[in-house]
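# Survey of secondary and tertiary structure
Here is how the chains run, residue by residue.
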Amino acid sequence: MCDDNDAYENKGLSKGLTNYGDRSFSIYLRRSFASSMGYSRQMLDRPIVGIAHSASGFNNCHRHFPEMIDAVKRGVLAAGALPIEFPTISLGEVFLSPTSLKFRNLMSMDVEEMIRAQPMDSVVLLGGCDKTVPAQLMGAASAGRPSIQLVAGPMGTSRHKGERLGACTDCRRFWQRYRAGDVDDQGIDEVEKRLASTSGTCAVMGTASTMASIAEAIGMMPAGSATIPAVDADRLRLAEETGRIAASLIGSGVTPKEIITEQALENGVRILMALGGSTNAIIHLAAIAGRLGLKLDLKKMNEISNNTPVLVDLKPTGTAYMEDLHAAGGIPALMRELRHLLHLDCATITGETIGDRIEAADDWVDRNVIHSIDDPIRENGGLLALFGNIAPRGAIIKRSAADPKLFEKTGRAVVFTSLQDLAARIDDPNLDVTADDFLVLQNAGPLSDSAMPEAGYIPIPAKLARSGVKDMVRISDARMSGTAFGTIILHVAPDTASGGPIGLVRNGDMIAISVKDRSIRLLVSDQELQARRADRIMEERPAMRGYDMLYRDHVLQADEGCDFDFLRQIAD
Ligand code: FES
């Protein structure tokens, strides 16, 4: 028996033993309990591939995970290892209050600790809905075990009266039309049932699609895997292949740290820009970088944005959907267009380099969806950081989703001091507001009670919407959904609740923005701002317990990815 146990040496089931003070007893007991699940001894002798998944009744995007998990298991078994699935926290975007971002770090802790605490030699990370993929990458990066990402894949589109629908840009578009009185109650009810009609993640270039594309671009997923539709049989074949790759990673020493390097992150930012992807991805990339001792520098991001054209014509900024991007050639076709700008020697989880992947990719491409580098949709990247006295540590604008007529503008601030204030007054017919004003929302940043919700997409005041106003400058310390659009400046750091200067803005102040100069300035003298700062009474926060307390005491600002300070890599 002891000989058998030696053969198990820190692999498979004998990895990370429960401590009873007697190693042989620990192995014997663990094997005995594992046997109770019907495994043969032959199976229990195999190395183990864990499958960390986030299936949940509160996550519509992941409803096909049982089928995908079966396919992963087939691949693992075929490669001679033993697959064992385990659930982690799930973050169903629209089911969480106050916002899914608040729980991303909790999920990352769950993923990290369960990878580390349970006996597995490598891991498949199966997620998809917005915050789940960054949470899994953050957790796996900290756990330091060989890991490969597998995503849910995008939802399919549906039809409403001949019009193509996909979550969730069309959700907002129809809601805006409903608010403006163009769609009636019955119409909005019909649309509601058709917006999200299959499993999978939102059908446009929202946060989930952006993070899936980035996970592929940084090398943590197989080539071509980000865009395969959730319901396509190819996704199951990919899952099987992912299981096989995960088994091959055992003993390789290839952990996320070897794949997610500074150059790989730059490739990720480059793809984000060319996609016109979600602003949320900046927060997630900063958090993933922080787990590996790296930094996402917003000034460097601006440089990348300056010389990266937007090439992909997808909603919310364009016209197509994720299934079209897949049919058009997917991320490999996009990377081929950008190859002269990418770090081609970056390693990937499948063994080849990014350059090898580009060489191997099919050269067919649908130019309606993926434009050539000589015929870009925009000359430069979709996202930019602005700096100035309101946002000393940066603010983000998605210029590809904004109205260029509003890029160089000075406007009068109409301030809402909280989400409650916004809800109470935005549609008040007596609100003193014109289309040339700037709407400013305070107290919606990471340290606020609402934990940085996607409220940066401040609705156009009803009286202006009814008169045909479609866009205004909106400024906040909140986030916005990757599926939203408009001239929206967000992630203002530091935020109001941490004492940031955005909290000093008052009704009637003038604010100047210049996308050309990357600046956002409150046109109030330093002397006056100092006086306001001295008068400012920071709200006493009530006593807290549990996760609320952990969050409040440790969350970082947007420019540091809203991670917890104690989860970032400890400096050597
Ligand atoms: Fe899951 Fe949009 S709700 S990706």
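Residues numbered from 1 in each chain as written. Predicted model: local features only at pLDDT ≥ 70, side-chain atom pairs only at ≥ 80, totals over all residues. Heavy atoms only, no water.

### Points about the overall build of the protein
Stated precisely, the cut-off is as follows: Helix and strand definitions follow DSSP, with helices as H or I runs of at least four residues and strands as E runs of at least two, each counted in order from the N terminus. Note on method: radius of gyration uses C-alpha positions; expected globular size equals 2.2 Å times residues raised to 0.38. Relative accessible area decides the class of each residue, using a 1.4 Å probe on protein chains only: under 20% of the type maximum gives buried, over 50% gives exposed, and in between gives partly exposed. Note on definitions: a residue-residue contact is assigned when non-hydrogen atoms from the two residues lie within 4.5 Å. Surface exposure here means Shrake-Rupley accessible area, sampled with a 1.4 Å probe, where a residue is shielded only by the protein chains that are shown.
Looking only at helices and strands, the protein features 21 helices and 14 strands. Taking 25 Å as the expected radius of gyration for a compact globule of 572 residues, we find that the protein reaches 24 Å, a close match to that expectation. With respect to the principal axes defined by its C-alpha atoms, the protein has extents near 80 × 55 × 50 Å. A total of 572 residues make up the protein; the buried ones form 59% of that total. Across the protein, the fraction of contacts at a sequence separation of at least 24, relative to all contacts at a separation of at least 6, is 75%. Entry remark: accessible area of the protein is about 22400 Å², with carbon and sulfur atoms responsible for 50%.

### Quick look at unusual backbone geometry
For the bond running from A167 to C168, omega is 0°, close enough to zero to count as cis. Mapped onto the elements, C168 comes out in the loop between strand 6 (163-165) and helix 7 (169-179). Residue P494 follows A493 across a cis peptide bond; omega there is 0°. Within the secondary structure layout, P494 lies in the loop between strand 12 (488-490) and strand 13 (510-514).

### Focus on the pattern of salt bridges
Stated precisely, the cut-off is as follows: The term salt bridge refers to a pairing of a side-chain nitrogen on Lys or Arg with a carboxyl oxygen on Asp or Glu at a separation within 4 Å.
Inspection of every chain in the model, using the stated rule, returns 39 salt bridges. Between D45 and R41 there is a salt bridge, with the nearest N and O atoms lying 3.4 Å from each other. Between K131 and D130 there is a salt bridge, with the nearest N and O atoms lying 3.7 Å from each other. In terms of burial, K131 and D130 fall into one category: buried. What emerges from the salt-bridge pattern is a single network uniting E93, D130, K131, E454 and R479.

### A word on the side chain of T169
Residue placement: T169 occurs in helix 7. Overall, the relative accessible area of 4% leaves T169 in the buried class. The residues touching T169, leaving out its near neighbours within four places in the chain, are V204, K315, P316, T483 and F485.

### Thoughts on the nonpolar core
So the rule is basically this: Only buried residues count toward a nonpolar core. Its members are Ala, Val, Leu, Ile, Met, Phe, Trp, Tyr and Cys residues joined through side-chain atoms within 4.5 Å.
Counting 119 residues, the largest nonpolar core has I115, L325 and L334 as its most contacted members. Residues within four places of L334 in sequence aside, it is in contact with I271, A274, L275, L311, V312 and I370. Membership of the second largest hydrophobic core comes to 27 residues, among which are L386, A413, I475 and I489.

### With respect to a nonpolar patch on the surface
The condition that has to hold: Patches in this entry comprise residues that are over 30% relatively accessible and not in a salt bridge; like charges within 9 Å are linked, as are nonpolar side chains (Val, Leu, Ile, Met, Phe, Trp, Tyr) within 5 Å.
Taken together, the side chains of Y20, F25 and Y28 define a hydrophobic patch exposed on the protein surface, amounting to about 320 Å² of accessible area. Considering the arrangement of structural elements, one finds Y28 in helix 2 (residues 23-35).

### As for the confidence of the model for the protein
Our working definition: The predictor rates its confidence in each residue with pLDDT, a number between 0 and 100.
In this model, the protein carries an average pLDDT of 95, and 98% of its residues clear a pLDDT of 70 or more. Throughout residues 1-8 the model reports pLDDT below 50, and contacts reaching past four residues in sequence, or to other chains, amount to 14 contacts.

### Some thoughts on the state of the cysteines
Threshold: In this description, the term disulfide denotes a pair of cysteine sulfurs within 2.5 Å.
One pass over the structure, following the stated rule, counts 1 disulfide. Disulfide partner of C168: C171, at an S-S distance of 2.0 Å. The sign of the -105° torsion about the S-S bond sets the C168-C171 disulfide as left-handed.

### Some words on the sheet that holds strand 14 (residues 519-522)
For clarity, the cut-off: Note on pairing: two strands pair once DSSP finds at least 2 bridges between them. All axes here are fitted lines through C-alpha atoms, helices being fitted over the stretch that makes contact, and every angle between N-to-C directions spans 0 to 180 degrees.
With mixed pairing, the 8 strands of this open sheet are ordered in space as 7-8-12-11-10-9-13-14. Either end of the sheet is taken by a strand with one partner, and the two such strands are strand 7 (383-386) and strand 14. Each adjacent strand pair in this sheet contributes to an overall mean axis angle of 25°, direction not counted. Of the pairings in the sheet, the one linking strand 9 (residues 408-416) to strand 10 (residues 438-441) comprises 4 bridges and is parallel in character. The partner of A413 across the bridge, within strand 10, is F438.

### Observations concerning the packing of aromatic side chains
The description of two aromatic rings rests on the distance between their centres and on the angle between their planes. Which entries qualify depends on this criterion: Working definition: rings of Phe, Tyr and Trp (its six-membered ring) pair if their centres are within 6.5 Å, and the pair is stacked with planes under 30 degrees apart, edge-to-face with planes over 60 apart, and tilted otherwise. Ring-over charges, as used throughout, are those where CZ of Arg or NZ of Lys falls within 6 Å of the ring centre and within 35 degrees of the ring normal.
By the definition in use, this model includes 10 aromatic pairs. Each ring, one from W175 and one from Y178, has its centre 5.0 Å from the other, and the planes form 45°; the classification is tilted. Of this pair, W175 and Y178 both sit in helix 7, separated by 3 residues, roughly a single helical turn. We classify W175 as partly exposed; its relative accessible area is 46%. By the ring-pair criterion, three or more aromatic residues cluster together here, those being F103, Y547, Y551, F564 and F566. A cation sits over an aromatic face here: R172 above Y457, 5.6 Å from the ring centre. For K299, the ring lying beneath its charged end belongs to F387, and the centroid distance is 4.7 Å.

### Description of a negative patch on the surface
Definition in use: Residues scored as positive are Lys and Arg, those scored as negative are Asp and Glu, and His as well as the terminal groups of each chain are ignored. Charged groups are reduced to one reference atom each: NZ for lysine, CZ for arginine, CG for aspartic acid, CD for glutamic acid.
A contiguous patch of negative charge, built from D184, D185, D189 and E192, is present on the exposed surface. Here D189 lies in helix 8 (residues 185-194). Residue class for D189 comes out partly exposed when judged on its relative accessible area of 41%.

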